[in-house]
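Reading the structure
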Amino acid sequence: MKKISQAATSRLKKENDLTGKLIRTYAIWFVLLVLIIVMSFISPVFFSFRNFITVLKNIGPLALIATGLTFVFLGGGFDLSQGAVLLLTSMLIINFNPVTPLTFTGSLLFCLAISIGIGSVNGYFIGMQRMNPFITTLGIRYIIGAFIYIVTSGAVVSATVQSDILEFIGFGTVYRIPIQTIIVATIIIICWFIIRFTTYSRRIKIVGSSIVVSRFSGLQFGKIQMSTYVINALLAGIAGVLIGCNIFHIKPTLIWNYDFDAITACAVGGISLSGGSGTIINTLSGVLLIGFINNSMVLLGLEESWQLIFKGLILLIAIIVDMQIKRRYE
Amino acid sequence: MNKEKIGTARDGNINNTVKKKRSVLGIFYNLRILILIIIVIVLFSSMSKGFFSLNTLNSILSLMSAYGTIAIGQTIVILIGGLDVSVGYIMSISGLLLIKMMPYGVPVAVLICLLSGIFIGFLNGLIISRLRVNSLITTIGMGFLLGGVALLISDGTIHIKDNPIVDFGNGIFWYIPYIAIIYLALTALVQYILKRTTLGLKFYCVGADRLSCTFSGISNRNMELFAFILSGLFASLGGFIYSIKLAAASPLIGSDVPIFVITAVLLGGTTIGGGYGDVVKTLSGIFLITLITKGLTLLNVEAYFQNMIIGVILISLLFIGRKLTTKGRLFV
């Protein structure tokens, strides 16, 4: 008994230890800072307003899907179908190419409704029917991917003349800040508020930590888990629309890249893959790290092969450093 | 304990609970892949004339050998509760090395091909077991790295001409390709090790409950390391088989291999999160997928439909299993 109380007090002490807590929380931000400082010395154009804006614009869609994935991870789930949802909505918006504001609203709502529908299907199977999230979302991903292939018959979808509204969202700026970045930042701030201040996020975390505890606390764990999948698919759908506005022709083979980047961003940032812990700030650090790695590789003018090698190395080092620091202070 | 479980592993052991009930539906559910295979064979045989023949068997066996060999290693990794998504790139790197080293003689080339897989698997296992990083993230990072290395050593797709090993890769013994014999022998060997030796039992134990393993004197870390080494070895064997069959290797095939292999393993019935499954289940899973692909090709249906069918099968099988186990219970 004494030993247990001793262990508890020492653990409490460790949890209240401020430096430990700071280092534990901000390990990836330190890695990011080191990367930025090193790159500023190596490349003359790296440390400039214009370059930072470019990075922020490029990571927009990734930030959205990683934020969505954060909800799912917090609720103890897993999602592989994001890339498929993203691809589907971006193809739809390119295909509609709405000219008037009314048609734009209509097609936007249609895209979002479809992604919410896919999220609900995922959530129904995983939350309500308690099916394994990995296999379910893998299956959904196969189905959507095949659907996209069948509809497009594997060809590139493109808009020959992009409409003004899509061009404004894709390339417009306000005081040199891209519209896309403003949209993404607004959504992320809302998500941050939800996770930081509402009881809803507490419920998600309890469900993610332990289904049994949430059941005995009187929570409707199925519905809560389902809601995380709906939010996730909605954010993936918005990311798809943003991508569609930005590149206006897209190949049906793009699915795979986005899934892995989002999972990596979450894990590197420090979201627990088994559920229950993490914040949006964590996710954001992972997303920024990936964005800045990609940007520095391009600025250094490296070949594709060396880009991949350095990206893999930096990710591995980041995750190992993060893990070691966490273990030391836990 | 840092259990590296992907998703909610507590939803895992569907099959165990079904077995206990011993209902008729439960028995049918346990034989689900076999029943599906029979249904698919009957369906395709009635729809296309050339389907039910030894030639089809021959082509299916040669199609499934390379990915099947990789799936053996993946099964072991999933059994201990991990995931390895770097297998595709290990496959392409070892295939490239095999062909690059061919001028130094076939034995040297094969040796280097297999050693490269073992070495990469060792690196994966070291990071995952000693530094206790999540296996999915480690292998994603390693996948990026290996993809770059593969591009670096290849300079595009490379191929070999007029080599006895290519004749071996395309050789046939009474409708059964040599590579399929290698694959089936490996499956039988690993199945024997998993089911009949203490080494196999240890793999199941580590996947099922790490804490009990620690108290039983089994080293979780060493078993994890060993599983990833085996995964690397089987991935390089897959690369070997792929390259001697096609007489070529490409640095770009890596990205879609892991998703295919994991799908085959899960379709067979091995549960993610560890502790349940074996390689014969994986064999049946990969056989079913290849059967559907082959049948649709013979019917001149677009290849994309096969993905939709696989997706529907995955979800509906899981749904039926869930319905069978949760009757009258609030949660499992």
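Being a predicted model, the structure only gives us computed values, none of them experimental.

The rules behind the values
Residues numbered from 1 in each chain as written. Chains lettered and ligands numbered in written order. Predicted model: local features only at pLDDT ≥ 70, side-chain atom pairs only at ≥ 80, totals over all residues. Helix = DSSP H or I, 4+ residues; strand = E, 2+ residues; numbered from the N terminus. Rg over C-alpha atoms; globule rule 2.2 N^0.38 Å. Contact = placed C-beta atoms within 7 Å. Buried ≥ 20, exposed ≤ 12 C-beta atoms within 10 Å, placed from the backbone. Core = buried A, V, L, I, M, F, W, Y, C linked by C-beta atoms within 7 Å. pLDDT = per-residue confidence, 0-100. Nonpolar A, V, L, I, M, F, W, Y, C, P; charged D, E, K, R; others polar. Axes fitted to C-alpha atoms, helices over the stretch in contact; angles between N-to-C directions. Parallel < 35°, antiparallel > 145°, perpendicular 65-115°, else oblique. Expected span 1.5 Å × (residues − 1).

1. Quick word on the overall build of chain A
Each helix and strand counted, chain A has 15 helices and four strands in total. Computed over its C-alpha atoms, the radius of gyration of chain A comes to 21 Å, within 12% of the 20 Å expected for a compact globule of 330 residues. Projected onto the principal axes, the alpha-carbon positions of chain A cover approximately 75 × 55 × 35 Å. Of the contacts made within chain A by residues no fewer than 6 positions apart, 80% connect residues no fewer than 24 positions apart.

2. A look at the overall build of chain B
The secondary structure content of chain B amounts to 15 helices and four strands. For 332 residues, the compact-globule estimate of 2.2 N^0.38 gives 20 Å, and chain B sits close to it at 20 Å. Overall, chain B is about 65 × 55 × 35 Å in size when its C-alpha atoms are taken along their principal axes. For chain B, the residues scored as buried account for 51% of the 332 residues in total. Long-range pairs, those at least 24 residues apart, make up 78% of the contacts in chain B with a sequence separation of at least 6.

3. Section: the nonpolar core
Ranked by internal contacts, the top residues of the largest apolar core, which has 181 residues, are Ile65 of chain A together with Leu314 of chain B. Discounting chain neighbours no more than four positions away, the residues touching Leu314 of chain B are Ile135, Leu138 and Gly139 of chain A together with Leu266 and Leu267 of chain B.

4. A few points about unusual backbone geometry
We note that Arg130 of chain A has phi near 55 degrees; this positive angle belongs to a residue other than glycine. You can see Arg130 of chain A is positioned in the loop between helix H6 (101–128) and helix H7 (133–152). We note that Tyr175 of chain B has phi near 65 degrees; this positive angle belongs to a residue other than glycine. Topologically, Tyr175 of chain B is positioned in the loop between strand S2 (172–173) and strand S3 (176–177). Owing to 14 C-beta atoms within 10 Å, Tyr175 of chain B belongs among the partly exposed residues under this scheme.

5. Describing the environment of Ile143 of chain A
Assignment of secondary structure puts Ile143 of chain A in helix H7. Apart from the residues within four sequence positions on either side, Ile143 of chain A is in contact with Met308, Gly311 and Val312 of chain B.

6. Observations regarding the confidence of the model for chain B
Residues and elements named next belong to chain B. When pLDDT is averaged along chain B, the result is 82, and 90% of the positions lie at 70 or above. This stretch, residues 328–332, has a pLDDT under 50; its non-local contacts, to residues over four places away or in other chains, come to seven contacts. Among the prediction metrics, the complex's ipTM stands at 0.78, with pTM recorded as 0.83.

7. A closer look at the interface of chain B and chain A
As a measure of interface size, the accessible area lost when the parts come together is often cited. Each partner contributes to the interface: chain B provides 46 residues, whereas chain A provides 45 residues. If you list the elements that add at least two residues to the side of chain B that touches chain A, you get helix H7 (135–154), helix H13 (257–268) and helix H15 (304–325) of chain B. Sort the elements by how many residues they give to the side of chain B that touches chain A and H7 of chain B lands first, with 13 residues. Looking at side-chain class alone, the side of chain B that touches chain A contains 26 nonpolar, 13 polar and seven charged residues.

8. A look at the environment of Asn122 of chain A
Residues and elements named next belong to chain A. With respect to the helices, strands and loops of the structure, Asn122 is situated in helix H6. Each C-alpha atom, one on Asn122 and one on Gly139, is 9.8 Å from the other, the two residues being 17 residues apart in sequence. Once residues within four sequence positions are removed from consideration, Asn122 is found in contact with Ser81, Thr136, Thr137, Ile140, Tyr229 and Ala233.

9. Examining the packing of helix H5 (residues 87–100) of chain B against H13 of chain B
Residues and elements named next belong to chain B. Between H5 and H13, the least distance of the axes is 7 Å, while the angle of their chain directions is 120 degrees. In terms of orientation, H5 and H13 fall into the oblique class. Residues Val87, Gly88 and Met91 of H5 lie in contact with H13, whose contacting residues are Val257, Pro258 and Val261. Looking at side-chain class alone, the contact of H5 with H13 contains five nonpolar, one polar and no charged residues.

10. A closer look at helix H12 (residues 220–246) of chain B
Residues and elements named next belong to chain B. For H12, built from 27 residues, the straight-helix expectation of 39 Å at 1.5 Å per residue is met to within 8% by its first-to-last C-alpha distance of 39 Å. Most of H12 sits inside the fold, with 22 of its 27 residues counted as buried. Once H12 ends, the next one or two residues include Ala247, with phi positive near 60 degrees.

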